[in-house]
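# Per-entry structural report
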Amino acid sequence: MNGELLIQHVRLVDSRGEHGTADVLIGQGRILSLEGGDARRHIDASGLILSPGFCDPHAHLREPGQEVKEDLTSGLTAAARGGYSDVVSMPNTLPPVDRAEGVAALKEKAARIGQARLHPAAALTQGQEGKRLTEARLLAEAGAVLLTDDGRTNEDAGVLALGMQYAASWGLTVSVHAEDAGLRRGGVMNEGGVSFRLGLPGNSVYAESARIARDLEIVRYVLAQLGGRGPQAKALLHVQHLSSARGLELIRQAKAEGLPVTCEVGPHHLTLSEERLESLDPLYKVAPPLRTPADAEALIQGLLDGSIDCIGTDHAPHTQDEKELDLLRAPFGIPNLEVGWPLLYTELVLKRDFPLPVLLERFTDGPRRVLGFEAIWLEAGAEASLVLWNPDQERPVEPQRFASKAKFSPWAGWKLRGWPVLTLVEGRAVFEGLEQPA
Amino acid sequence: MTVTPDTSAAAPTPRSLLDFQGWSRAQLESLFETSKMMQEVLARPVKKVPALTGFTVATVFFEASTRTRLSFELAARRMSADVLSFSAATSSISKGETYKDTLLTLDAMGVDAYVIRVDAAGVCHQAERWLGKPIINAGDGWRAHPTQALLDAFTLLEALGSLEGKKIAIVGDILHSRVARSNAELLPRLGAEVVACGPATLLPGTLPGVQLSTDLKTGLTDADAVMVLRLQNERMDKGLLPSLPEYIAGYQVTQERLDWAKPGAPLLHPGPMNRDVELEGPLADSSRSLVERQVANGQAIRMAVLYHLLVGKKPRGES
Ligand SMILES: [Zn+2]
């Protein structure tokens, strides 16, 4: 058999488990064979692992309007380096992505850039103002994969209910930043003993859980309204960046009841906690805030038992100057695309025996299921959007080497394993960090 | 004539005074000893010592506070330091001129120590990371105001002799008060028992080392001293308090309520005071009030802090 690329002696691991070592032949954008063949290019991948390309349901790529923080080129390059073949961009840009033309323009430009594939999310309401719904049908046709007012919160329950009800007709899930603005007030970190002692405005766990509880009731209401009509393939509601044990508990119960709800968690909420704010460094200012170690522990359990569907990076780049403002004025967010996989592989799989196939599921099939994409498995005929990564080589996080414009990280200096060395999108290499043969 | 306080008893003085982390009781007591010597200096006809000749102290106020700035600047001048005074509105910080740029520009002028006031917690920590120089926190947001707590403690020590086993009541908006937080950190280290008392919406959930109460009588009963905090009108605007009369009804310290405290228990207030809001007007001028002592002691304390952080170091000079 003839192909373009032959990845030899490579360990195969996907969400279904380990599949031993194989010679993977790739051509015409697909996996042609797991049993070798002829190819123009050979890679000796002894000691490396091949997995389906990662999919991020939540990244802020800042284009249009905030290219000083990130643009499509830097953001999608960062994604490719992080092992992602697919990325969902959030619509809270300047102006917000709330029309089909905006979605189409982003997709066209991303295709020209040719890094990770872009799947824009579009605003749920016009201008993300929380008033009039956007054109879900036209947005879906243009390629929008989610509707969300992320960057803001959905304060009007009536608008959210209408939005969910309407979007479902066109196969779109509504994704929400679940925080109650009134309860959150001006909080910049988790409310509790640490915030009280540090004298920083707190943002309570209950700002998240109260909003999730409300939104789950809205899902029940919308289901009743739909009366069984509408597509059942996808969830009505996707809860972004879950941060608390209490919020997780509500979603776990809702799922047990069979409610069509999905959720994601970010790498920072799994590996960092509020004590980091003791440094008073705005680097640790994220929304929702870092919670307690017990919350992080609960989220890891939720990721394991499937209550949490996927990892969403919430990649949220800002300029260095912005992150060096004070804790009240610095913006929320950190760049995560380039560290997500090695971070969680090291901290969860290597240090805590978290099962590798499960973590892979949460980076691959999980997010694709949320978005209504087909799963990618390592078998002949599968789409060759893949990542080759090194489970052994240890390297510190070096933010100054990020492709992202945001060259800072709360994990700077952490020694991690699992770094991607090759990312393929439909057989095409979008990132190559292979060491050249001597 | 020079003052040469003995600072050898304690471990090396921390580089900065950001809060009281890293300051041992022995170091704090040594600071109070130095403050007493500074009081003597301030009682002389020529209120000046050459201790900090050649040093440059910058006061950097991102939040306006004329009283605190003048107190620090006078303290530095009385120690013969040169003073560089910088004020900027935080609005200019939000508009792209960064704290870091501002501080590095000042640093190029050969500053030896910085006195920083800002409306957000943590900027003094950031400044120390960027500059690596002694920083005196002159108030950062709701977090800390250590020289205020030091002068409060010093004034209480003068009035009560010792703080061991003494009950100190702090009344008012505890949640948003850097003065309350710094006193909560300092006073228990000196042996005092602190009760912080205020409306439920202005109390933190917890504060280490401090008993919290919404009941003014609980707070004041048998108190050895009462510290009254300023109430900001902003709290009403943000919906945390229904109204001023409502606050006065529940929490104003009046002559009658002060009788719950021990006889003669002194009154402190960090200033500036809202007369007839947090404190009944005539009480402010009564013999119970130590407000003027606080202001005077602020001088001595700030001189002592500068002394402890700088003496023994080499001035940088112009660079
Ligand atoms: Zn969000």
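Residues numbered from 1 in each chain as written. Chains lettered and ligands numbered in written order. Predicted model: local features only at pLDDT ≥ 70, side-chain atom pairs only at ≥ 80, totals over all residues. Heavy atoms only, no water.

### Regarding the overall build of chain B
Within chain B, the regular secondary structure consists of 13 helices and nine strands. Relative to a compact globule of 319 residues, whose C-alpha radius of gyration would be 20 Å, chain B shows 20 Å and is just as compact. Projected onto the principal axes, the alpha-carbon positions of chain B cover approximately 60 × 45 × 35 Å. The long-range share in chain B, meaning contacts at least 24 apart out of those at least 6 apart in sequence, stands at 74%. (Helix = DSSP H or I, 4+ residues; strand = E, 2+ residues; numbered from the N terminus. Rg over C-alpha atoms; globule rule 2.2 N^0.38 Å. Contact = heavy atoms within 4.5 Å.)

### With respect to the UniProt feature "binding site: L-aspartate" (unreviewed entry) in chain B
Residue and element names in this part refer to chain B. With numbering aligned to this structure, UniProt lists the feature "binding site: L-aspartate" (unreviewed entry) at Lys-95, Arg-178 and Arg-230. When residues no more than four places from it in sequence are discounted, the contact partners of Arg-178 are Glu-63, Arg-117, Val-118, Gly-139, Asp-140, Gly-141, Trp-142, Arg-143, Ala-144 and His-145. A polar side-chain atom of Arg-178 sits 3.0 Å from the main-chain carbonyl oxygen of Gly-141. Assignment of secondary structure puts Arg-230 in the loop between strand E8 (225-228) and helix H9 (234-237). Residue contacts for Arg-230: discarding those within four places in its chain leaves His-269, Pro-272, Met-273, Asn-274 and Glu-278. Among the polar contacts listed, one links the side chain of Arg-230 to the backbone oxygen of Pro-272, at a separation of 3.0 Å. (UniProt positions renumbered as here; feature names shortened; annotations may be inferred. Polar contact = N/O pair within 3.5 Å; in protein donor to acceptor, adjacent residues only side chain to side chain.)

### As for the domain arrangement of chain A
All names here are of chain A. Here chain A is described as being made up of domain 1 (2-50 + 381-432) and domain 2 (53-371). A separation of 26 Å is found between the C-alpha centroids of domain 1 and domain 2. Listed per partner, the contact involves 37 residues of domain 1 and 52 residues of domain 2. When the buried surface of domain 1 facing domain 2 is broken down by residue, Lys-405, Phe-408 and Trp-411 rank first, second and third, together holding 21% of it. Here Glu-383 ties to Arg-117 by a salt bridge, and the two come within 2.5 Å at their closest N and O atoms. Counting every contact that joins domain 1 to domain 2 gives 17 residue pairs in polar contact (both at pLDDT 80 or more). Of all the elements in the fold, those that place two or more residues in the side of domain 1 that touches domain 2 are strand E1 (2-14), strand E16 (386-390), strand E18 (415-416), strand E19 (419-425) and strand E20 (428-432). Residue composition of the side of domain 1 that touches domain 2, by class: 21 nonpolar, seven polar and nine charged. (Domains from an automatic or database assignment. Buried area = accessible area lost by both parts, 1.4 Å probe. Salt bridge = Lys/Arg side-chain N within 4 Å of Asp/Glu carboxyl O. Nonpolar A, V, L, I, M, F, W, Y, C, P; charged D, E, K, R; others polar.)

### Examining the packing of aromatic side chains
Residues and elements named next belong to chain A. For the coordinates displayed, the defined rule picks out twelve aromatic pairs over all chains. Considering the side-chain rings of Phe-54 and Tyr-84, the 5.6 Å spacing of their centres and the 70° angle between planes classify their relative orientation as edge-to-face. You can see Phe-54 sitting in strand E6 (residues 54-59) and its partner Tyr-84 sitting in strand E7 (residues 84-89), a full 30 residues away along the chain. Judged by its relative accessible area of 0%, Phe-54 is buried. By relative accessible area, which is 0% here, Tyr-84 ends up buried. Geometrically, the ring pair formed by Trp-341 and Tyr-345 is stacked, given 6.0 Å between the ring centres and 20° between the ring planes. Remark: Tyr-345 and Trp-341 occur in helix H12 (residues 340-352); sequence separation between them is four residues, near one turn of the helix. (Phe/Tyr/Trp six-rings, centres within 6.5 Å; stacked < 30°, edge-to-face > 60°. Buried < 20%, exposed > 50% of the residue type's maximum accessible area, 1.4 Å probe, protein only.)

### Quick notes on the UniProt feature "binding site: carbamoyl phosphate" (unreviewed entry) in chain B
All names here are of chain B. Those places that UniProt annotates as "binding site: carbamoyl phosphate" (unreviewed entry) correspond, in this numbering, to Arg-67, Thr-68, Arg-117, His-145, Gln-148, Gly-271 and Pro-272. Structurally, the position occupied by Thr-68 is in helix H2 (residues 66-78). Classification of Thr-68 as buried rests on a relative accessible area of 10%. Non-local contacts of Thr-68, meaning those with residues more than four positions away in its chain, are made with Phe-61, Arg-117, Ala-138, His-145 and Arg-302. Tracing the chain through its elements places His-145 in the loop between strand E4 (135-140) and helix H6 (146-160).

### Topic: the sheet that holds strand E8 (residues 117-120) of chain A
All names here are of chain A. Read across the open sheet, the three strands follow the order E6-E7-E8; overall the sheet is parallel. Each end of this open sheet is capped by a strand with a single partner; those strands are E6 and E8. When the angles between neighbouring strand axes are averaged without regard to direction, this sheet yields 20°. Direction of pairing for E7 relative to E8: parallel, over a ladder of four bridges. Note on E8: the bridge partner recorded for Ser-89 is Pro-120. (Pairing = 2+ DSSP bridges. Axes fitted to C-alpha atoms, helices over the stretch in contact; angles between N-to-C directions.)

### A closer look at the coordination of the zinc ion
A metal bound by six donors in octahedral fashion has ideal angles of 90 or 180 degrees, whereas one bound by four tetrahedral donors has an ideal angle of 109.5 degrees. Residues and elements named next belong to chain A. Of the protein atoms, only Asp-150 (OD), His-177 (ND1) and His-241 (NE2) coordinate the zinc ion, at distances of 2.1 to 2.3 Å. Sequence spacing of the donors to the zinc ion: D-x26-H-x63-H. Taken together, the residues span a long stretch of sequence, with His-177 in the loop between strand E10 (173-176) and helix H5 (181-184) and His-241 in the loop between strand E13 (237-239) and helix H8 (245-256) at a distance of 64 residues. Residues His-177 and His-241 agree in their burial class; the two are buried. (Donors = N, O, S within 2.8 Å, 3.2 Å for Na, K, Ca; no water.)

### Remarks on the UniProt feature "active site" (unreviewed entry) in chain A
All names here are of chain A. As annotated in UniProt, the feature "active site" (unreviewed entry) corresponds to Asp-314 in the numbering used here. Relative to the assigned elements, Asp-314 resides in the loop between strand E15 (310-311) and helix H11 (320-323). Beyond its immediate chain neighbours, meaning those up to four positions away, Asp-314 contacts His-58, His-60, His-241, His-268, Ala-287, Ile-334 and Asn-336.

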